[in-house]
Amino acid sequence: MADHTSEFRSTSVTEWADALENSKLQPGPTFGYQMVDGTWHCALHLAVSPELTSDAQRLLAAELQQAISDTVNRVLYLAPVSVSIRPNTEASR
């Protein structure tokens, strides 16, 4: 697989918020992967359609978390010691 990391660019919080607003998606959970030495190697912020049922949103998040965990393990050759899942606090208000 070719290394395409040079194609990545930072997205500002404003750009993320604009993209969510334009796509009509709502913030979902955040998955963060912490290693034994305390460093963070990966975090993913999920956004989902509010038209999905709560069950569908939960199942989608669970399946994506498992797929991302498997990928982190496979690509980084490291098993995270901690997977932090921060739910969307706005959805629970």
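I will try to describe carefully the structure that is included in this document. (Residues numbered from 1 in each chain as written. Predicted model: local features only at pLDDT ≥ 70, side-chain atom pairs only at ≥ 80, totals over all residues. Heavy atoms only, no water.)

Turning to the overall build of the protein, a few remarks are in order. When you go through the protein residue by residue, the secondary structure sums to two helices and three strands. For the protein, the sequential pattern of α-helices and β-strands runs α-β-β-α-β. Within the protein, buried positions represent 19% of all 93 residues. For the protein, contacts bridging at least 24 residues in sequence account for 54% of all contacts bridging at least 6. Summed over all atoms, the accessible surface of the protein reaches about 7,200 Å², with 57% contributed by carbon and sulfur. (Helix = DSSP H or I, 4+ residues; strand = E, 2+ residues; numbered from the N terminus. Buried < 20%, exposed > 50% of the residue type's maximum accessible area, 1.4 Å probe, protein only. Contact = heavy atoms within 4.5 Å. Areas by Shrake-Rupley, 256 points an atom, 1.4 Å probe, with all protein chains shown as cover.)

With that settled, consider the pattern of salt bridges. Enumeration according to the criterion identifies one salt bridge in this entry. Put simply, Arg58 and Asp55 hold a salt bridge, and the shortest N to O gap is 2.6 Å. Residue Arg58 and its partner Asp55 are both found in helix H2 (residues 54–76); the two are separated by three residues, about one turn of the helix. Overall, Arg58 belongs to the exposed group, its relative accessible area being 52%. (Salt bridge = Lys/Arg side-chain N within 4 Å of Asp/Glu carboxyl O.)

This paragraph deals with unusual backbone geometry. Despite not being glycine, Lys24 shows a phi value in the positive range, around 65°. Mapped onto the secondary structure, Lys24 falls in the loop between helix H1 (13–23) and strand E1 (26–34). The class of Lys24 is exposed, set by a relative accessible area of 63%.

Bringing the nonpolar core into the picture now. Ranked by size, the top nonpolar core spans eight residues in total: Phe31, Tyr33, Met35, Leu46, Val48, Ala61, Ile68 and Val72. At the level of secondary structure, the elements contributing two or more residues to this core comprise E1, strand E2 (40–48) and H2. By residue number, the principal contributor to this core is H2, which donates three residues. Leaving out residues up to four positions away in the same chain, Ala61 has contacts with Pro29, Phe31 and Leu46. (Core = buried A, V, L, I, M, F, W, Y, C linked by side-chain atoms within 4.5 Å.)

On the surface, Leu52, Leu60 and Leu64 cluster together into a nonpolar patch covering about 200 Å² of accessible area. Structurally, Leu64 is set in helix H2. (Patch = residues over 30% accessible without salt bridge, like charges linked within 9 Å, V, L, I, M, F, W, Y side chains within 5 Å.)

Structurally, the position occupied by Gln57 is in helix H2. Judged by its relative accessible area of 19%, Gln57 falls in the buried class. Polar contacts involving the side chain of Gln57 include one to the main-chain carbonyl oxygen of Leu52, which spans 3.3 Å. (Polar contact = N/O pair within 3.5 Å; in protein donor to acceptor, adjacent residues only side chain to side chain.)

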